[in-house]
Amino acid sequence: MNVLIVGSVALDYLETPFGVMERALGGSATFCSIAASYLTNSVRMVGIVGDDFPEEHVRFLSSRNIDVLGLERVAEGKTFSWGGKYHDDMNTRDTLYTELGVFEHFHPRIPDEWKQSEYVLLGNIHPSLQMEVLEQIEQPKLVLCDTMNLWIDIGLKELKHVLKRVDVLILNDEEARMLSKKRNLVAAAHALLRFGPKVVVIKKGEHGASMVTRDTYFTAPAFPLMQLKDPTGAGDSFAGGFIGWLARTNDVSTANMRKAVVYGSVLASFCVEEFSIDGIRSLSDEDVAERFITFRAITAF
Ligand code: AMP
């Protein structure tokens, strides 16, 4: 089954205790698409870049079987750029800058032949743009939505509108508390379900991820890594791995979504091991399968 992914495509500035990287390939659509491409070979990417976006990045995305027909390339203008600096604990980060560039006037255009996409991942972008995507898609089988604190702050009304049409909401613990106005995460998840989604997945960084429906609860730990170098894109890789598995199996049952949570965690764990997309640049199917099996082992008792 195919997955349509919309989000940002970026050239990031990254600073972590392990070093600095400039003009690093990033963006929510980028991480989501690369992660999903390890599970399904029908990934459709929608985003926008400027004239400074290196052609080698487009070639790389295509080499992963990611269809870039929906990647708009503006003849004059700069690619979206985000600068982030991580604290020593690697859990918290400061945004150093956000330069919208060509993103400022972006309106996602879904190619006609993609309007019947089955699985849709609304990556982290302004909720009004996420809504524009939904309005162009005919009867998707599953819609997954990611968001961030910025949109809860400045786009809450639009976000609540989008959530009415979403099947799965993925967000981190801080965002879940902010959006639900509840401190307890189980209570927060149930409050979020009342906004519309049937499933809420809360990512908790090194403490794993929990999936909550009205009457089920599932939790998976994070993969036990000795060292991580750059957490950028972990959340997006999780979302890409999650939806990639659902599309591959074409099964949206809660039981199968438990496996999707684990595939999300597997891809996120590879992502954080290196800077930018390097951790998920060239994995083998065996790498992914092995880590999935290890998850089974570390959670069995
Ligand atoms: P994550 O670490 O999963 O939150 O995702 C990091 C990616 O999100 C980076 O590569 C950024 O380019 C991108 N990003 C940061 N801020 C925004 C924003 N306001 N809108 C869209 N993408 C963003």
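Everything discussed here concerns the structure shown above.
Now for a quick tour of the structure.

### A look at the layout of surface pockets
Approximately 150 Å³ is the volume found for the second largest pocket. Forming the boundary of the second largest pocket are Phe218, Thr219, Ala220, Pro221, Arg258, Lys259, Val262, Phe292, Phe295, Arg296 and Thr299. The set of elements that each furnish at least two residues to the lining of the second largest pocket consists of strand S13 (217-220), helix H9 (254-271) and helix H10 (285-299). Per-element accounting of the lining of the second largest pocket gives the leading share, four residues, to H10. For the lining of the second largest pocket, the per-class residue count stands at six nonpolar, two polar and three charged.

### Some details on the sheet that holds strand S11 (residues 199-203)
The strand order across the open sheet formed by nine strands is S5-S4-S1-S8-S9-S10-S11-S12-S13, and the pairing between neighbours is mixed. With one partner strand each, in any of the chains shown, strand S5 (66-73) and S13 form the two edges of the open sheet. Pairs of neighbouring strands in the sheet enclose a mean axial angle of 15°, with direction left out of account. Note that strand S1 (residues 3-6) and strand S8 (residues 119-122) share four bridges and pair parallel.

### Focus on the packing of aromatic side chains
For the structure on display, the rule yields six aromatic pairs. Pairing Trp245 with Tyr263 gives two aromatic rings, centres 4.5 Å apart and planes at 20°, and the pair type is stacked. Here Trp245 is found in helix H8 (residues 234-249), whereas its partner Tyr263 is found in helix H9, with 18 residues between them in sequence. The pair Trp245 / Tyr263 is uniform in exposure class, with both members buried. Judged by centre distance (4.3 Å) and plane angle (15°), the ring pair of Tyr263 and Phe292 falls under stacked.

### Considerations on the nonpolar core
Counting 61 residues, the largest nonpolar core has Leu144, Val168, Phe242, Leu267 and Ile280 as its most contacted members. Per-element accounting of this core gives the leading share, 10 residues, to H9. Residue contacts for Phe242: discarding those within four places in its chain leaves Leu144, Val168, Ile170, Val201, Met257, Ala260, Val261 and Gly264. Counting residues in each nonpolar core, the second largest holds 43 residues, with Tyr86, Leu129, Val162 and Phe275 among its members.

### Brief notes about the sheet that holds strand S6 (residues 81-86)
Within a sheet, adjacent strands bond to each other through the backbone by hydrogen bonds, running parallel or antiparallel. Overall, mixed pairing links the four strands, which are arranged S3-S2-S6-S7 in an open sheet. Bordering the open sheet on either side are strand S3 (19-26) and strand S7 (93-99), each of which pairs with just one other strand. Between one strand axis and the next, the sheet turns by 15° as a mean value, whatever way the strands run. Note: strand S2 (residues 10-16) against S3, six bridges, orientation antiparallel. Bridge pairing in S3 places Leu14 opposite Met21.

Conventions and cut-offs
Residues numbered from 1 in each chain as written. Predicted model: local features only at pLDDT ≥ 70, side-chain atom pairs only at ≥ 80, totals over all residues. Heavy atoms only, no water. 1 Å grid on protein atoms, 1.4 Å probe; cavity = no way out; pocket = protein on both sides within 12 Å on 5 of 7 lines; lining within 4 Å. Points joined across faces, edges and corners; volume = space filled by probe spheres on them. Helix = DSSP H or I, 4+ residues; strand = E, 2+ residues; numbered from the N terminus. Nonpolar A, V, L, I, M, F, W, Y, C, P; charged D, E, K, R; others polar. Pairing = 2+ DSSP bridges. Axes fitted to C-alpha atoms, helices over the stretch in contact; angles between N-to-C directions. Phe/Tyr/Trp six-rings, centres within 6.5 Å; stacked < 30°, edge-to-face > 60°. Buried < 20%, exposed > 50% of the residue type's maximum accessible area, 1.4 Å probe, protein only. Core = buried A, V, L, I, M, F, W, Y, C linked by side-chain atoms within 4.5 Å. Contact = heavy atoms within 4.5 Å.

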